[in-house]
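Here are the chains, one letter per residue:
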Amino acid sequence: MLKALAEYLDMPLGELVEGIVLHSFDGKAPFSAETLAKIEQLKDVYGLELTAADAHALEER
(Lines give C-alpha, C1' and ligand atoms only; values in the text may rest on other atoms or scores of the structure.)
Protein backbone atom coordinates (compact mmCIF):
# COMPACT_ATOMS: atom_id res chain seq x y z
CA MET A 1 0.00 0.00 0.00
CA LEU A 2 2.74 2.48 0.95
CA LYS A 3 4.79 1.46 -2.07
CA ALA A 4 1.81 2.10 -4.35
CA LEU A 5 1.19 5.49 -2.73
CA ALA A 6 4.86 6.45 -3.10
CA GLU A 7 4.70 5.51 -6.78
CA TYR A 8 1.52 7.58 -7.22
CA LEU A 9 3.26 10.56 -5.56
CA ASP A 10 6.40 9.92 -7.66
CA MET A 11 8.75 9.66 -4.69
CA PRO A 12 10.88 6.97 -3.10
CA LEU A 13 9.21 4.94 -0.37
CA GLY A 14 11.74 6.14 2.22
CA GLU A 15 10.89 9.80 1.52
CA LEU A 16 7.18 9.06 1.89
CA VAL A 17 7.69 7.36 5.26
CA GLU A 18 10.00 10.15 6.43
CA GLY A 19 7.44 12.78 5.43
CA ILE A 20 4.64 10.96 7.25
CA VAL A 21 6.75 10.66 10.41
CA LEU A 22 7.95 14.27 10.36
CA HIS A 23 4.38 15.53 9.92
CA SER A 24 3.17 13.34 12.79
CA PHE A 25 5.98 14.62 15.05
CA ASP A 26 4.68 18.14 14.39
CA GLY A 27 1.07 17.07 14.97
CA LYS A 28 0.14 17.82 11.36
CA ALA A 29 -1.72 15.80 8.77
CA PRO A 30 0.69 14.57 6.07
CA PHE A 31 -1.76 14.36 3.15
CA SER A 32 -3.91 16.70 1.09
CA ALA A 33 -7.57 15.98 0.41
CA GLU A 34 -6.61 14.77 -3.08
CA THR A 35 -4.05 12.32 -1.69
CA LEU A 36 -6.50 11.09 0.95
CA ALA A 37 -8.98 10.31 -1.84
CA LYS A 38 -6.27 8.32 -3.65
CA ILE A 39 -5.48 6.48 -0.41
CA GLU A 40 -9.14 5.44 -0.17
CA GLN A 41 -8.96 4.09 -3.73
CA LEU A 42 -5.78 2.17 -2.93
CA LYS A 43 -7.33 0.75 0.25
CA ASP A 44 -10.14 -0.66 -1.90
CA VAL A 45 -7.69 -2.11 -4.44
CA TYR A 46 -5.59 -3.81 -1.74
CA GLY A 47 -8.53 -4.76 0.50
CA LEU A 48 -7.09 -2.79 3.42
CA GLU A 49 -9.63 -2.61 6.22
CA LEU A 50 -7.28 -1.67 9.08
CA THR A 51 -7.50 1.74 10.71
CA ALA A 52 -5.39 3.62 13.24
CA ALA A 53 -7.54 2.05 15.96
CA ASP A 54 -6.13 -1.34 14.98
CA ALA A 55 -2.48 -0.29 15.37
CA HIS A 56 -2.03 -1.32 19.00
CA ALA A 57 -4.04 -4.51 18.70
CA LEU A 58 -1.94 -6.15 15.97
CA GLU A 59 0.00 -9.28 16.83
CA GLU A 60 2.59 -11.03 14.72
CA ARG A 61 1.96 -14.67 13.86
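What you are looking at is a predicted structure, and each value in this text was computed from that prediction instead of being measured.

### A few points about the nonpolar core
Among the nonpolar cores identified, the biggest contains 6 residues, and these are Ala4, Leu5, Ala6, Leu16, Ile39 and Leu42. Secondary-structure elements contributing two or more residues to this core are helix H1 (2-8) and helix H3 (33-46). Sorting elements by how many residues they give to this core places H1 first, with 3 residues. Aside from chain neighbours lying at most four places away, what touches leucine 5 is Leu16, Phe31, Thr35, Ile39 and Leu42.

### Digging into a nonpolar patch on the surface
Together, Leu2, Leu13, Val17, Val21, Leu22 and Phe25 line one region of the surface with nonpolar side chains, adding up to about 530 Å² of accessible area. For the nonpolar patch, the leading source of residues is helix H2 (residues 13-25), giving 5 residues. Its location among the elements puts leucine 22 in helix H2. On the basis of relative accessible area, leucine 22 is assigned to the partly exposed category, the value being 47%.

### Structural notes on H3
For H3, with 14 residues, the first-to-last C-alpha span of 20 Å sits near the 20 Å given by 1.5 Å per residue. Within the sequence span of H3, burial applies to Thr35, Ile39, Leu42 and Lys43. With its buried residues spanning 105 degrees around the axis, H3 presents them on a single face. Exposed and facing more than 90 degrees away from the buried side of H3 are Ala33, Glu34, Asp44 and Val45.

Calculation rules
- Residues numbered from 1 in each chain as written.
- Predicted model: local features only at pLDDT ≥ 70, side-chain atom pairs only at ≥ 80, totals over all residues.
- Heavy atoms only, no water.
- Core = buried A, V, L, I, M, F, W, Y, C linked by side-chain atoms within 4.5 Å.
- Buried < 20%, exposed > 50% of the residue type's maximum accessible area, 1.4 Å probe, protein only.
- Helix = DSSP H or I, 4+ residues; strand = E, 2+ residues; numbered from the N terminus.
- Contact = heavy atoms within 4.5 Å.
- Patch = residues over 30% accessible without salt bridge, like charges linked within 9 Å, V, L, I, M, F, W, Y side chains within 5 Å.
- Areas by Shrake-Rupley, 256 points an atom, 1.4 Å probe, with all protein chains shown as cover.
- Salt bridge = Lys/Arg side-chain N within 4 Å of Asp/Glu carboxyl O.
- Expected span 1.5 Å × (residues − 1).
- Arc of directions from axis to C-beta.

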